[in-house]
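Each chain is listed here by its residues.
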Amino acid sequence: VCSPEMKSQVTVAITRHDESDELFLGALEALSKQQKTTITVLVLDQCSAPEVELFCSNKSNAMVCFHYILLEPCGISRARNKAISLSDTNVLLFTEPDARADEYWAYYLHDALCAGAAVAGGLIVPQWTKMPPFAARSGLIMDMYSLLDLGHGRRKTEKVVGCNFGIDIEQLGVDHSCFNERYGRAVGDLMGGEETELCRRAISENLSVVYDGRALVTHIISSERIRYRWLAKRIHAAGKSRARDGGLPRPTNPSRFGFTTLLASPLYVCYVLGYLSYKLGAVNRIQ
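Reference entry: report on the structure contained in this document. (Residues numbered from 1 in each chain as written. Predicted model: local features only at pLDDT ≥ 70, side-chain atom pairs only at ≥ 80, totals over all residues. Heavy atoms only, no water.)

Describing the environment of valine 10
Right, so step 1: Residue position: valine 10 is located in strand β1 (residues 10-16).
Right, so step 2: Separated by 31 residues in sequence, valine 10 and valine 41 place their C-alpha atoms 8.6 Å apart. (Helix = DSSP H or I, 4+ residues; strand = E, 2+ residues; numbered from the N terminus.)

Let's talk about the nonpolar core
Right, so step 1: By size, the foremost hydrophobic cluster in this structure holds 55 residues, and its most contacted members are Leu28, Val41, Val43, Val52, Leu93, Trp105 and Tyr145.
Right, so step 2: With sequence-adjacent residues up to four places away left out, valine 43 is seen in contact with Ile14, Phe24, Leu28, Val52, Cys56, Phe66, His67, Tyr68 and Ile69.
Right, so step 3: Membership of the second largest hydrophobic core comes to 23 residues, among which are Ala13, Ala83, Phe165 and Phe179. (Core = buried A, V, L, I, M, F, W, Y, C linked by side-chain atoms within 4.5 Å. Buried < 20%, exposed > 50% of the residue type's maximum accessible area, 1.4 Å probe, protein only. Contact = heavy atoms within 4.5 Å.)

Some words on unusual backbone geometry
Trans peptide bonds make up most of the peptide bonds, and negative phi angles are found at most residues other than glycine.
Right, so step 1: Despite not being glycine, serine 146 shows a phi value in the positive range, around 55 degrees.
Right, so step 2: Note on placement: serine 146 falls in the loop between α5 (139-144) and β7 (154-156).
Right, so step 3: With a relative accessible area of 13%, serine 146 lands in the buried category.
Right, so step 4: Even without being glycine, asparagine 206 reaches a positive phi, approximately 60 degrees.
Right, so step 5: Note on placement: asparagine 206 falls in the loop between α7 (194-204) and β9 (209-221).

Here's what the structure looks like:
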């Protein structure tokens, strides 16, 4: 039960579509252990789950208060906009069911946002459930697995990654704090880019987007995703996303051209096909 005296410094939003209770509960367990910052966790569940609701009722403590909210199935951007409307704090952090936040994760992201950032992201390292392909070390594949490593310090960046970032709602303002609901993954659709689009709008208003490597999240990579078939679909969707946004592809993770990049190069064909399919579809829609 949440303490009535507790005043949260940070709100955290986590939503799921169809991930297992076991995976989801693991993420909530990690959030229950946050240190040095009082947080309210908005558990936005798109599956009816008595076990998860019971966890939220029993796991609240002096530092962390869980609120279970059952949603109709929707895309991740709409769920995140719901969290923005419910947040009682200016600082709102986002994570995902297959992420495990370090115990000081919320503290360091909160610190980065209080230091003047409008959007802040952090370090995302993998937990492989089976041996990954060697090409996974390339920047392109790291992007597809939502991994991000820009070091352990704080620096400006152009975009953040969905399972480890936060926003200052007041700084972004009404016009820029919400996610564009045309973006973001939904059931059966791997096209993302909602946080990238938000960062682009923030930067256009001369607001600061930063990366803080002390804010650590471990991303669990399921065995079904450690397959070239899944990677091909994901990269095809990334090509479509980039065509929708305009411009040329550029991975988040800096990567020199080397052996790992060479191994990943055949997958760029999927990227180009996705890019072209969206462009050709746009031409047909105009005609």
